[in-house]
Amino acid sequence: MLVVGFPTGALQANCYLLAAGEGEACVVVDPGQDAVEPIADALRKHRLSPVAVLLTHGHFDHAFSVTPVCDGNDVPAWIHPDDRGMLSDPLRGVSAETAAFFGGRLEMREPSEVRELSDGVTLDLAGLQLLVDHTPGHTGGSVMFRAGTEEGGRLVLSGDTLFAGSIGRTDLPGGDHSAMLDSLRDKVLTLPDDTVVLPGHGGTTTIGRERAGNPFLLGLDDRPSAPRRGM
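The structure presented is a predicted model; accordingly, all values stated were derived computationally and were not measured.

We now examine the overall build of the chain. If you tally the helices and strands in the chain, you get 6 helices and 14 strands. The principal-axis extent of the C-alpha atoms belonging to the chain is close to 45 × 45 × 35 Å. In the chain, which comprises 231 residues, the share counted as buried stands at 52%. The long-range fraction of contacts in the chain, counting pairs at least 24 apart against all pairs at least 6 apart in sequence, stands at 62%. Surface exposure of the chain reaches about 10400 Å², of which carbon and sulfur atoms provide 50%. Mean positive and mean negative side-chain charge positions of the chain (18 and 32 charges, respectively) differ by 2 Å.

Okay, the sheet that holds strand E1 (residues 2-8) next. Taken together, 6 strands build an open sheet; the order of strands is E1-E2-E3-E4-E5-E6 and the sheet is mixed. For this open sheet the edge positions go to E1 and strand E6 (114-116), each flanked by a neighbour on one side alone. Each strand of the sheet is rotated relative to its neighbour by a mean of 25°, with strand direction disregarded. Judged from the 4 bridges that link them, strand E2 (residues 13-19) and strand E3 (residues 25-29) form a sheet pairing that is antiparallel. Of the residues in E3, the one forming a bridge with Tyr 16 is Val 29.

Time to look at the pairing of strand E4 (residues 49-54). Relative to E4, E3 runs parallel, the two sharing 5 bridges. Within E4, the residue paired with Val 27 across the bridge is Ala 52. Handedness of the crossover joining E3 and E4 through helix H1 (residues 36-46) is recorded here as right-handed. Strand direction decides the pairing type here: E4 and strand E5 (residues 77-79), joined by 2 bridges, are parallel. Its bridge partner lying in E5, Leu 54 is registered against Trp 78.

Moving on to the sheet that holds strand E10 (residues 155-159). Strand order in the open sheet made by the 6 strands is E7-E8-E9-E10-E13-E14, with mixed pairing throughout. This sheet does not close on itself; its edge strands, each paired only once, are strand E7 (122-125) and strand E14 (205-206). Where E10 lies against strand E13 (residues 196-199), 4 bridges are found, and the strand directions are parallel. Paired with Val 156 across the strands is Val 197, a residue of E13.

Averaged over every residue, the pLDDT of the chain is 92; residues scoring 70 or more account for 93%. Ignoring residues within four places in sequence, the model shows residues 227-231, a span with pLDDT below 50, making 0 contacts including any to other chains.

Before going further, it helps to spend a moment on the side chain of Thr 170. With respect to the helices, strands and loops of the structure, Thr 170 is situated in the loop between strand E12 (166-167) and helix H5 (177-188). At 3.4 Å, the side chain of Thr 170 forms a polar contact with the side chain of His 177. In contact with Thr 170, other than residues within four places in its own chain, are Gly 137, His 138, Gly 175, Asp 176, His 177 and Met 180.

Let's shift gears to helix H3 (residues 66-73). Within the sequence span of H3, burial applies to Val 66, Thr 67, Val 69 and Cys 70. Of the surrounding elements, those touching the buried residues of H3 are H1, E4, helix H2 (60-63) and E5.

A few words now on the pattern of salt bridges. If the charged atoms of two oppositely charged side chains come close together, the side chains can form a pair. Here the structure, examined in full by the defined rule, presents 12 salt bridges. Residue Arg 109 pairs with Asp 71 through a salt bridge whose shortest N-O separation is 3.2 Å. With Arg 109 in the loop between helix H4 (96-101) and E6 and Asp 71 in helix H3, this pair connects stretches of sequence that are 38 residues apart. Linking Asp 186 and Arg 185 is a salt bridge whose minimum nitrogen-to-oxygen distance equals 2.6 Å. Its relative accessible area of 36% is what places Asp 186 among the partly exposed residues.

Within the element layout of this structure, Lys 187 appears in helix H5. Here the side chain of Lys 187 touches Asp 119 through a polar contact of 2.8 Å, side chain to side chain. At 3.1 Å, the side chain of Lys 187 and the backbone oxygen of His 134 are in polar contact. Sequence-distant contacts of Lys 187, defined by excluding residues within four places in its chain, comprise Asp 119, Asp 133, His 134, Thr 135, Met 144 and Asp 182.

Calculation notes
Residues numbered from 1 in each chain as written. Predicted model: local features only at pLDDT ≥ 70, side-chain atom pairs only at ≥ 80, totals over all residues. Heavy atoms only, no water. Helix = DSSP H or I, 4+ residues; strand = E, 2+ residues; numbered from the N terminus. Buried < 20%, exposed > 50% of the residue type's maximum accessible area, 1.4 Å probe, protein only. Contact = heavy atoms within 4.5 Å. Areas by Shrake-Rupley, 256 points an atom, 1.4 Å probe, with all protein chains shown as cover. Lys, Arg positive; Asp, Glu negative; His and termini not counted. Charge placed at Lys NZ, Arg CZ, Asp CG, Glu CD. Pairing = 2+ DSSP bridges. Axes fitted to C-alpha atoms, helices over the stretch in contact; angles between N-to-C directions. Right-handed = clockwise from strand over helix to strand, strands pointing away. pLDDT = per-residue confidence, 0-100. Polar contact = N/O pair within 3.5 Å; in protein donor to acceptor, adjacent residues only side chain to side chain. Salt bridge = Lys/Arg side-chain N within 4 Å of Asp/Glu carboxyl O.

This is the structure:
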């Protein structure tokens, strides 16, 4: 698998391109601020053709360039329905301080085609199979994307659910710390140790490294399951 990654924008959110190899179809994950040109450069360099844009969540630092990338290449955007509203109202998911930093204005609109993600679905895109894990906590609609099943070839795009040595903040609008702990226990700690983690910010890590040293994961295996709602 070919993985191309680079940080974008003022908040240095990671954008990734995934493909079966050079000269193939690809998916773009989390095209944040100022991502249009580096994405275009990567497409040319590796002779890739985008077929979809995937969003780990709706925060603007991960999604700001989704419309020009999607509409410019005539491809759909995929996002969990709980975060879809942020594509047209990006300030809905940020702190007052962040909104003030950007002058209280951030204008976005939905791409022409938006498709909604759901937990446990496998996306067959660009010759890849990507399993969707709904991981609420950082936002209500946060997801991770898993690829590869064989030993030594597993990876997860964790968005702002898991970082190297840390986790995503839960004090923003739509955040839920208890839900984050459940997501970490049920969707992160259940992954094999050799799974490579491509986070939404910062450097690459592995599940094994985080299980052993991430202070936010210690003791979560003993956390009781959240009560189930409904029937």
